[in-house]
Amino acid sequence: MSRSETRRQRYEKKKMQANIMPMSICMVNFGIDENVALTIRAAACYGAESVMVIGSIPDYSFLRPRSGTTVDFVNIKQFSNPSDFLKYARENDNHIVSAEICDGAHDINDYRFPMDKKVIIVMGNEYTGVPAEIILNSDPVFITMNGPGFCLNTMQTGVVFLNEYSRQLSSYMKGVQGAA
């Protein structure tokens, strides 16, 4: 990597070798626009197939600098409401995982993402969480937290889920390659 290259030039080079994961991350009506930009950045860095947004998307002029220009390297899909999102997920045979602390939720340390279909990780609004309609049509999964807090920022939650999915996918791929 040359110091004379722009960030965009470095991203264009890395894009040629990037591994895209068969998963997407979905944000539900984020109230803090910076969380949208930073989630896009995390999705691009981890190689998520797309970013989905239920609700509004901040202007490109806002997202570009705050996402570190990664907004240009991520496919963004927008849905007007949870029902439209769920219809899309069903029609495309996606497995939905909701990042939510609720009754019946699985601990992320014990949860195994399915590797036989594309996964969509849903992160709820900063104040109201994941809508019940989505929780009822997904696997709710929570992050164990041993400190006095019990709820991470939505963008931080997204990074934890992206990392865990990436870790599990890497282990799965090593197993498949080892079996061949």
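Residues numbered from 1 in each chain as written. Predicted model: local features only at pLDDT ≥ 70, side-chain atom pairs only at ≥ 80, totals over all residues. Heavy atoms only, no water.

**Considerations on the pairing of strand β7 (residues 139-142)**
Working step 1: Bridge count between strand β4 (residues 95-99) and β7: three bridges; the pairing is parallel. The partner of valine 97 across the bridge, within β7, is aspartate 139.
Working step 2: Here strand β5 (residues 106-107) pairs with β7 via two bridges, running parallel. Paired with histidine 106 across the two strands is valine 141, which belongs to β7. (Pairing = 2+ DSSP bridges. Helix = DSSP H or I, 4+ residues; strand = E, 2+ residues; numbered from the N terminus.)

**What about a nonpolar patch on the surface?**
Working step 1: Where nonpolar side chains cluster on the molecular surface, the patch consists of Tyr172, Met173 and Val176 and spans about 250 Å² of accessible area.
Working step 2: With respect to the helices, strands and loops of the structure, valine 176 is situated in helix α6 (residues 154-179). (Patch = residues over 30% accessible without salt bridge, like charges linked within 9 Å, V, L, I, M, F, W, Y side chains within 5 Å. Areas by Shrake-Rupley, 256 points an atom, 1.4 Å probe, with all protein chains shown as cover. Salt bridge = Lys/Arg side-chain N within 4 Å of Asp/Glu carboxyl O.)

**Quick look at the pattern of salt bridges**
Working step 1: If you walk through the whole model with that rule in mind, you get five salt bridges.
Working step 2: Residues aspartate 72 and arginine 64 are paired through a salt bridge, measuring 3.5 Å at the closest nitrogen-oxygen approach.
Working step 3: Residue classification places aspartate 72 among the partly exposed positions, given a relative accessible area of 27%.
Working step 4: A residue is classified by how much of its surface remains accessible, and arginine 64, at 30% relative accessible area, is partly exposed. (Buried < 20%, exposed > 50% of the residue type's maximum accessible area, 1.4 Å probe, protein only.)

**Regarding the sheet that holds strand β3 (residues 75-79)**
Working step 1: Taken together, seven strands build an open sheet; the order of strands is β3-β2-β1-β6-β4-β7-β5 and the sheet is parallel. Every other strand in the sheet has two partners, leaving β3 and β5 as the edge strands with one partner each.
Working step 2: Running at roughly 165 degrees to strand β1 (residues 21-28), α6 makes contact with β1, β2 (48-54), β4, β6 (119-123) and β7 of the sheet. (Contact = heavy atoms within 4.5 Å. Axes fitted to C-alpha atoms, helices over the stretch in contact; angles between N-to-C directions.)

**Thoughts on the packing of aromatic side chains**
Working step 1: Scanning all chains against the criterion turns up four aromatic pairs.
Working step 2: Measuring from centroid to centroid gives 5.3 Å for phenylalanine 79 and tyrosine 88, while their planes differ by 55 degrees, and the two rings are tilted.
Working step 3: Given a relative accessible area of 9%, phenylalanine 79 falls into the buried group.
Working step 4: Pairing phenylalanine 113 with tyrosine 165 gives two aromatic rings, centres 5.3 Å apart and planes at 80 degrees, and the pair type is edge-to-face. One end of the pair, phenylalanine 113, is in the loop between β5 and β6; the other, tyrosine 165, is in helix α6, with 52 residues separating them in the sequence.
Working step 5: Exposure remark for tyrosine 165: the relative accessible area of 1% places this residue in the buried category. (Phe/Tyr/Trp six-rings, centres within 6.5 Å; stacked < 30°, edge-to-face > 60°.)

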